[in-house]
Amino acid sequence: MPATDPYALAHDAAAQLASLTGRDRHDVAIILGSGWAAAVPELGDPVAQISTTELDGFSAPTVAGHAGTMSSFDIAGHSVLAIMGRVHMYEGRSEHDVVHPVRTAIAAGATTVILTNAAGGLDPTWSPGQAVLISDHLNLTNASPLSGIAPPASAGPRFVDLTDLYAARLREVVRSVEPSLPEGIYAGLRGPHYETPAEIMMLRQMGASLVGMSTVLEAIAARHLGAEILGLSLVTNLAAGVAPAPLNHEEVLEAGAAAAPRLGRLLHATITALP
Ligand code: HPA
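Residues numbered from 1 in each chain as written. Predicted model: local features only at pLDDT ≥ 70, side-chain atom pairs only at ≥ 80, totals over all residues. Heavy atoms only, no water.

(A) View of the pattern of salt bridges. Counting across every chain of the model gives 8 salt bridges. Here Glu-42 and Arg-265 are joined by a salt bridge, their closest N and O atoms 3.8 Å apart. With Glu-42 in the loop between β1 (28-32) and β2 (48-51) and Arg-265 in helix α6 (residues 249-273), the pair connects residues that are 223 residues apart, well separated along the chain. The exposure class assigned to Glu-42 is partly exposed, which follows from its relative accessible area of 29%. When the shortest N-O distance is used, the salt bridge between Arg-169 and Glu-228 registers 2.6 Å. Taken together, the residues Arg-169 in helix α3 (residues 168-177) and Glu-228 in strand β9 (residues 228-238) connect sequence positions 59 residues apart. Judged by its relative accessible area of 40%, Arg-169 is partly exposed. For Glu-228, a relative accessible area of 26% gives the class partly exposed. (Salt bridge = Lys/Arg side-chain N within 4 Å of Asp/Glu carboxyl O. Helix = DSSP H or I, 4+ residues; strand = E, 2+ residues; numbered from the N terminus. Buried < 20%, exposed > 50% of the residue type's maximum accessible area, 1.4 Å probe, protein only.)

This is how it looks when you write it as structure tokens:
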């Protein structure tokens, strides 16, 4: 019977991950968002690959572009776990389900968590394919992964400080390999509908320059467990009303597929530059 406590469930999944991959520990985890799966071949040849459904607490994703696999890589002395198969609250999943991959990776040893996503861009000077470093977020999901069951003492207090949630140090590491990358504040909404132009105007007033349906809950859960977080958005479209064209999910996936090899090389170079 899988554990019902989400923290115990993540520990069980991490133990299963270790035995299925033959690796005791992964120190870097990458969560790959919509369209980012095609970046994975740039990370090299995986030393192990499993289906996420082999681990407790993971169920098959329902969204096109989110295959449920985990691959383990050796990159410049780091053991890197690439997780494809994010789940979202709009699939009817709980906030604990959404952050289970991140909690599992941290239970497996990850101290650096790289969260990637596809996002709408609010900056009209950006084009689809632009990569942006997340400097901060607006959690507009009306949810927290720290609600509900009290975390175990080992996890730290649930009233967690989110100042510098997206580590400035890691943004500098990325800039050392790609100096031109812009930064932006990511607004995380529940979706699955895209926003109205009026909502985009509101988000811009609030300081956002990226909008999407993931990442914010995972970042909170990862920080709560003490990991350092790097957030990377791929702008797949200009947000509603910023450009005249209507939005669709195929466009998001196509922009991801086109940009993915470049993003994969960026991830590889970033991990290589990590201390
Ligand atoms: N809005 C919300 N989520 C998204 C978008 C968008 O424009 N593009 C990709 N994910």
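After presenting the structure, the write-up continues.
(B) Region of the structure containing the layout of surface pockets. As a volume, the largest pocket reaches approximately 320 Å³. Per-element tally for the lining of the largest pocket: the top contributor is strand β5 (residues 112-121), with 4 residues. A per-class count over the lining of the largest pocket returns 11 nonpolar, 11 polar and 2 charged. Here the second largest pocket defines a volume of roughly 150 Å³. (1 Å grid on protein atoms, 1.4 Å probe; cavity = no way out; pocket = protein on both sides within 12 Å on 5 of 7 lines; lining within 4 Å. Points joined across faces, edges and corners; volume = space filled by probe spheres on them. Nonpolar A, V, L, I, M, F, W, Y, C, P; charged D, E, K, R; others polar.)

(C) Local environment of the site of the ligand. Around the ligand, a shell composed of Ala-118, Ala-119, Gly-120, Tyr-194, Glu-195, Val-211, Gly-212, Met-213, Thr-236, Asn-237, Leu-247 and Val-252 is seen. One of the backbone nitrogen or oxygen atoms of Ala-118 is found 3.4 Å away from a nitrogen atom of the ligand. One of the side-chain N or O atoms of Glu-195 is found 2.8 Å from a nitrogen atom in the ligand. Within the complex, 96% of the 260 Å² of free accessible area of the ligand lies under protein. Here the ligand occupies the largest pocket. Elements with a contribution of two residues or more to the shell around the ligand: β5, β8 (210-212) and β9. It is β5 that provides the largest number of residues to the shell around the ligand, a total of 3 residues. Classifying every residue of the shell around the ligand gives 7 nonpolar, 4 polar and 1 charged. (Near = heavy atom within 4 Å. Polar contact = N/O pair within 3.5 Å; in protein donor to acceptor, adjacent residues only side chain to side chain. Areas by Shrake-Rupley, 256 points an atom, 1.4 Å probe, with all protein chains shown as cover. Sits in = over half its atoms within 2 Å of the grid points.)

(D) Representation of a nonpolar patch on the surface. A cluster of nonpolar side chains, namely Leu-140, Met-202 and Met-206, defines an oily patch on the protein surface of about 250 Å² accessible area. Here Met-202 lies in helix α4 (residues 197-205). Residue Met-202 is classed as partly exposed on the basis of its relative accessible area, which comes to 43%. (Patch = residues over 30% accessible without salt bridge, like charges linked within 9 Å, V, L, I, M, F, W, Y side chains within 5 Å.)

(E) Up close: empty space enclosed by the protein. Following the criterion strictly, the structure yields 1 cavity of 30 Å³ or more and no others. The computed volume of the largest cavity comes to approximately 90 Å³. Lining the largest cavity are His-88, Met-89, Val-98, Thr-141, Leu-189, Arg-190, Met-213, Ser-214, Thr-215, Val-216, Leu-217 and Glu-218. A total of 3 residues in the lining of the largest cavity trace back to one element, the largest contributor, which is helix α5 (residues 216-224). Partitioned by chemical class, the residues of the lining of the largest cavity number 6 nonpolar, 4 polar and 2 charged.

(F) The nonpolar core, seen in detail. Ranked by size, the top nonpolar core spans 38 residues in total, and within it Met-70 and Leu-210 carry the most contacts. Apart from residues lying up to four places away in sequence, Met-70 is in contact with Leu-17, Ala-48, Gln-49, Ile-50, Thr-52, Leu-55, Phe-58, Leu-81, Ala-82 and Ile-83. With 28 residues, the next largest nonpolar core counts Ile-30, Ile-75, Met-84 and Leu-263 among its residues. (Core = buried A, V, L, I, M, F, W, Y, C linked by side-chain atoms within 4.5 Å. Contact = heavy atoms within 4.5 Å.)

(G) Layout of helix α1 (residues 6-21). Its 16 residues give α1 an end-to-end C-alpha distance of 22 Å, which sits within 8% of 22 Å, the value for a rise of 1.5 Å per residue. Regarding α1, the residues found buried are Pro-6, Tyr-7, Leu-9, Ala-10, Ala-13, Ala-14, Leu-17, Ala-18 and Thr-21. Among the structural elements, β2, β3 (69-75), β4 (78-84), α2 (95-107) and α5 are those in contact with the buried residues of α1. By the N-cap criterion, in which a side-chain oxygen at the helix start approaches the backbone nitrogen of a residue two or three places on, α1 is capped by Asp-5, the distance to Tyr-7 being 2.7 Å. Directly beyond the C-terminal end of α1, a positive phi value near 75° is found at Gly-22. (Expected span 1.5 Å × (residues − 1).)

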